[in-house]
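# Descriptive analysis of the structure
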Amino acid sequence: MLNIKNGLVLYGPEMEPKKANILIKDNLIVEVSAHASGGREIDAEGCIVSPSLINSHVHLGDSIAKDIGDGVSIENIVKPPNGLKHQLLTKTDPHNIIGSMRSSLKEMLETGTTTLVDFREGGVKGIEQIEKASKDIPIRKIILGRHDSFIKHPSFKTGSEDLNADFATGIRKNSLELLKYADGVGLSGFGELDDRVVEIITETCARAGKISAIHAAEYEQVQRNSLKNTGKTEVERALDGGFNILIHLTAPLNSDLDLLMEGEKSVVCCPRSNGALSVGIPPIKEMWNRGINLLLGTDNLMFNSPNMFREMEYTLKLTRGFYKEYFPPVEILKMATVNAGQALNLDIGCIQEGMLADIMIVEQLSDNPVLSLINRTESKNIIGLVTDGKLIYIR
């Protein structure tokens, strides 16, 4: 057992600060109270005890291409199969890719992230790479894979109602093969996909109880293209397709946000990436006002470090500046903790009895514990990290 004592605990789904001890047995939080006793004691006096962080969208393989392509258009950098990142991933020795991913995973732990959601290119081989990269690194990976066969193929016939039967069978087979090793499927975007292929993939995920996610409405031009080609926005197509999680939503059009509210889907915002690529600012306050479940991710390692503290600070100040009004900092912290746990259907992201013990102990640097975390925390201020009930480090 572990007993984290005397800390200022951000308790429950609303992250209410209270002075308490946290008793951990096996991998679960069993008691949070001023009188909890027993187990190995960790003194957290002068510290904030918070859920550790969840990075809900990252492309870990792009660790090999840090800061390459600055100033190049988004289409020429990330669009499969010929974008700059895909060219680099194809040409680079797999051992080098694995080594760079391993370094990024270690950086995540050093900066308080204990769970990540990786959009994993390269099919089953890509999944094998992240498994090798994470060997002996105690971080929780949610792997969303994809297969090259999902991209539009000459067997599509414009105006036809049905896919080539053999091709449809192949999509289903490749989806099932991925899901043997992955937690779901993460797709690049509708510009490379046919809606009938999407339907096969999302149905296969749903039957297997796995996650389906897609980039949607990342910038205005893809939305305009979607309307021109299909009569629907990318958000409408994502909702019709049955995806669980949508990434970006930087450029909603028409009634997209109202439809999202009704569909009860989760959205991962990646403001630093959107800024780096000059594609816009996610409408966080408008989505929050509608009760949409918002998550936070650092996105592409080409442009950003995987440091969620940097993402939270940027997001809070950008949102306030964009709307020219107050936005509650606790809602930003919830995007990186509570909300993500709920979206992933995992008992993480919240310090409460019965939840998995994913916890960070951080020096309190100001009187406001949430802003102390968001505005001021560096890796050196994290004095302890617990994941799945196990003490990973104590400083």
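Everything here concerns the structure above.
Below or above, wherever it landed, is the structure these notes cover. Values in this document were obtained by computation on a predicted structure and should not be read as measured data.

Of all six residues in strand β16 (residues 382-387), six are buried, a share of seventy percent or more. Here strand β15 (residues 359-363) runs beside β16; their pairing, made up of four bridges, is antiparallel. By the bridge assignment, Met360 is partnered in β16 with Leu385. As paired elements, β16 and strand β17 (residues 390-394) share four bridges and run antiparallel to each other. Within the sheet, the bridge partner assigned to Thr387 lies in β17 and is Lys390. Between β16 and β17, which pair antiparallel in sequence order, lie two residues; one of them, Asp388, sits at a positive phi of approximately 55 degrees.

Here we come to the pattern of salt bridges. All told, the structure shown has 22 salt bridges when counted by the stated rule. With its nearest N and O atoms 2.3 Å apart, the salt bridge here joins Glu110 to Arg395. Here the residue Glu110 occupies a position in helix α3 (residues 94-110), and Arg395 occupies one in the segment after β17, the gap between them amounting to 285 residues. Residue Asp388 pairs with Lys390 through a salt bridge whose shortest N-O separation is 4.0 Å. Among the charged side chains, a salt-bridge network with shared partners connects Asp62, Lys85, Glu121 and Arg146.

Right, let's get into helix α7 (residues 220-230). Taken together, the buried positions of α7 are occupied by Val222, Gln223 and Ser226. Along the long axis of α7, the arc covered by the buried residues comes to 105 degrees, so they all point the same way. Contact partners of the buried residues in α7: α8 (234-241) and α9 (256-263). Count one or two residues on from α7 and you reach Gly231, which has phi positive near 80 degrees.

Quick notes on the rules
Residues numbered from 1 in each chain as written. Predicted model: local features only at pLDDT ≥ 70, side-chain atom pairs only at ≥ 80, totals over all residues. Heavy atoms only, no water. Buried < 20%, exposed > 50% of the residue type's maximum accessible area, 1.4 Å probe, protein only. Helix = DSSP H or I, 4+ residues; strand = E, 2+ residues; numbered from the N terminus. Pairing = 2+ DSSP bridges. Salt bridge = Lys/Arg side-chain N within 4 Å of Asp/Glu carboxyl O. Arc of directions from axis to C-beta. Contact = heavy atoms within 4.5 Å.

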